[in-house]
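An overview of the molecular structure
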Amino acid sequence: MSHVIVAQSPTYVQHVKPIITRHCGTPCHHSGGVGPFSLLTYEDVAKRGKFIAKVTQARYMPPFPADREFQHYANERGLSDAEIDLIQQWVQAGMPEGTPREMTGLHRRSDQSSPSAIGVSGADQQRKPDLVLRMKPYAIKGDGREDFRYFHVPMGLRQDVWVEAIEFVPQNRKRLHHSRLMVDSTGTMAGIDGLAEDDPRLRDFQRTPLADAFLYGWVPGNDRVTFPVGAAKRIPAGSDLILNLHYAPSPKPETDQSEVRLYFARKPVEREVRTLTLTENDITNQPFVLPANTRPTFYMNYGPISDTIRLLSVMPHMHWLGQTIKAFAITPAGDAIQLIKIDNWDFNWQLSYFFREPLVLPKGSTIIAEASYDNTDQNPLNPNRPVRQVGYGWNSTDEMMNLVFYYVK
């Protein structure tokens, strides 16, 4: 392990602030961010200094579940050995604040080059969205039951727009389990607003073909996504958003009024971003059933694909019983292209992993995936007590196996 030796004790202003701002405060730990507390001031950081030293040394934070030796990503998180060592020295020295004079040119350059929650394009974290869409206020029942709802959000678009970044901002992070954003261009789905997943009327709306069945998906840990320069999602004029939201059980009445922020492409769009979703239907060792007190593994096979595509990102999705997941592609020439490998699945940190460069899958390639689960009473995260057989379902007490890819042709 390399160590940084400083002439005097490291200070917050000169040494620690650039690290915390870049890797913690800007991406997650700010007002309204996914982090449970802010880390934008000296007081914020010093109050939790010993805790920060512990979780960074253990590499528990910043969270990045994917194996970075299996594949590299544009939005990787993680501290270097030297950065971890600096934090350790600072805490051991009593967490001195330092003075503004210590803000060297190197410090300022570090702040300017820091990655943001926006992700892969390096767009300014402070950039204001071009369009903010807010759902109607929704009253969450305090009946202790899972709640799946659809919401219709008019967009008021008079012309087609190209979207290079998408952000879903949950107002009630405590209750929101996930959201799926879809686009309707028919103008016929206003009546879906507020409908529950088990409402018989929903079937009438589900017959309507969507302009985009997966514009974006929000799960814990997956904040704003940005497509590479020159790539964007197209939303046709006159379209409306359809939100599919899943609320976790609440013991008391609560409310939610989440919003969607869209950032329009600033440069000419050369390639349209599309979505490919592998689901439980692509599992080869059916049925997708997890008997009680078993640790099953399931396998996926998708392809051969009919056209050459360029993968921009991958987002795996499982629930609480998930343990590991791995995916790769096999080309017609027999080459293996590694996509994602997570050895310790964390339900609370599900990201869209953007590849450093688009991965080209030639026509005829096949995507292979495998995922393991632990449905035993030894699994402390098993939500079912006593343990029971589990199958496919949207409830967090059920299970899923998905791989969502953004791609261009």
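First things first, this report covers the structure right here in the doc. Values in this document were obtained by computation on a predicted structure and should not be read as measured data.

Our focus in this paragraph is the overall build of the protein chain. Regarding its fold elements, the protein chain presents 6 helices and 22 strands. Radius of gyration (C-alpha) of the protein chain: 22 Å, near the 22 Å computed for a compact globule of 409 residues. Taking all 409 residues of the protein chain together, 51% fall into the buried category. Residue pairs at least 24 apart in sequence account for 80% of intrachain contacts in the protein chain once pairs closer than 6 positions are excluded. With the model as given, the accessible surface of the protein chain reaches about 19300 Å², and the carbon-plus-sulfur share is 49%. Across the protein chain, 45 positive and 45 negative side-chain charges occur, with their mean positions spaced 3 Å apart.

In this description, a pair of aromatic rings is defined by centroid distance and the angle of the planes. If you walk through the whole model with that rule in mind, you get 17 aromatic pairs. Members of the aromatic cluster, joined through ring pairs, are F64, Y73, Y353 and F355. A cation over a ring is seen here: R48 above F37, with NZ or CZ 4.0 Å from the ring centre.

Looking now at helix α4 (residues 81-92). Over its 12 residues, α4 runs 17 Å from end to end, which matches the ideal 16 Å to within 8%, given 1.5 Å per residue. Among the 12 residues of α4, 9 are classified as buried, and the element is accordingly described as predominantly covered. Every buried residue of α4 is accounted for by E83, I84, D85, L86, I87, Q88, Q89, W90 and V91. Those residues of α4 that are buried lie in contact with α1 (12-25), α2 (42-47) and α3 (49-57). Note on α4: the residue one or two positions beyond its end, G94, has a positive phi of about 95°.

In a packed pair of helices, the relevant descriptors are the angle between the two axes and the axis-to-axis distance. One way to put it is that α3 packs onto α4 with a least axis distance of 9 Å and a crossing angle of 150°. Comparing their axes, α4 and α3 come out roughly antiparallel. Helix-helix and strand crossings are classified by hand; for α3 and α4 the assignment is left-handed. Note on element contacts: α4 touches α3 through I84, I87, Q88 and V91, opposite G49, K50, I52, A53, T56 and Q57. Grouping the amino acids of the contact of α3 with α4 by side-chain chemistry returns 5 nonpolar, 4 polar and 1 charged.

Inspection of the secondary structure puts P129 in the loop between α5 (105-112) and β1 (131-134). Taking the relative accessible area as the measure of exposure, P129 reaches 27% and is therefore partly exposed. Between the C-alpha atoms of P129 and N384, which are 255 residues apart in sequence, the distance is 41 Å. When residues no more than four places from it in sequence are discounted, the contact partners of P129 are R261, L262 and Y263.

Spatially, 4 strands are ordered β13-β22-β16-β19 in an open sheet, and the strand pairing comes out antiparallel. Two strands close off the open sheet at either side, each with one partner strand: β13 (274-278) and β19 (353-361). Ignoring which end each strand starts from, the neighbouring axes of this sheet average 30° apart. Alignment of strand β16 (residues 309-317) against β19, held across 5 bridges, turns out to be antiparallel. Considered in β19, the bridge of R310 is made with V360.

The next thing to look at is the environment of E76. Checked against the element boundaries, E76 lands in the loop between α3 and α4. In this structure E76 comes out as partly exposed when scored by relative accessible area, which is 22%. When neighbours within four sequence positions are excluded, E76 is seen to be in contact with F64, R68, Q71 and R356. At 3.0 Å, the side chain of E76 and the side chain of H72 are in polar contact. Engagement of the side chain of E76 in a polar contact is seen with the backbone nitrogen of Y73, the distance being 2.8 Å.

Taken as a whole and judged by the stated rule, the model has 19 salt bridges. Ionic pairing is found between R59 and D81, a salt bridge with its closest N-O pair at 2.4 Å. Separated by 22 residues along the polypeptide, R59 in the loop between α3 and α4 and D81 in helix α4 bring together distant segments of the chain. Look at R59 and you get partly exposed, because its relative accessible area is 44%.

The strand order across the open sheet built from 4 strands is β3-β9-β5-β6, with neighbouring strands paired in antiparallel fashion. Two strands bound the open sheet, and with one partner strand each, they are β3 (147-154) and β6 (212-218). Recorded for the sheet is a direction-independent mean angle of 20° between the axes of neighbouring strands. Across 8 bridges, the pairing between strand β5 (residues 176-184) and strand β9 (residues 240-247) is antiparallel. Residue pairing in the sheet places S179 in a bridge with L245 of β9.

Before going further, it helps to spend a moment on unusual backbone geometry. The peptide bond linking M61 to P62 adopts the cis configuration, its omega dihedral lying at -5°. Relative to the helices and strands, P62 resides in the loop between α3 and α4. For R59, which is not a glycine, the phi torsion comes out positive at approximately 60°. With a phi close to 60°, M95 is a non-glycine residue in the positive phi region. Positionally, M95 belongs in the loop between α4 and α5.

How each quantity is defined
Residues numbered from 1 in each chain as written. Predicted model: local features only at pLDDT ≥ 70, side-chain atom pairs only at ≥ 80, totals over all residues. Heavy atoms only, no water. Helix = DSSP H or I, 4+ residues; strand = E, 2+ residues; numbered from the N terminus. Rg over C-alpha atoms; globule rule 2.2 N^0.38 Å. Buried < 20%, exposed > 50% of the residue type's maximum accessible area, 1.4 Å probe, protein only. Contact = heavy atoms within 4.5 Å. Areas by Shrake-Rupley, 256 points an atom, 1.4 Å probe, with all protein chains shown as cover. Lys, Arg positive; Asp, Glu negative; His and termini not counted. Charge placed at Lys NZ, Arg CZ, Asp CG, Glu CD. Phe/Tyr/Trp six-rings, centres within 6.5 Å; stacked < 30°, edge-to-face > 60°. Lys NZ or Arg CZ within 6 Å of the ring centre and 35° of its normal. Expected span 1.5 Å × (residues − 1). Axes fitted to C-alpha atoms, helices over the stretch in contact; angles between N-to-C directions. Parallel < 35°, antiparallel > 145°, perpendicular 65-115°, else oblique. Left-handed = near helix turned anticlockwise from the far one by under 90°. Nonpolar A, V, L, I, M, F, W, Y, C, P; charged D, E, K, R; others polar. Pairing = 2+ DSSP bridges. Polar contact = N/O pair within 3.5 Å; in protein donor to acceptor, adjacent residues only side chain to side chain. Salt bridge = Lys/Arg side-chain N within 4 Å of Asp/Glu carboxyl O.

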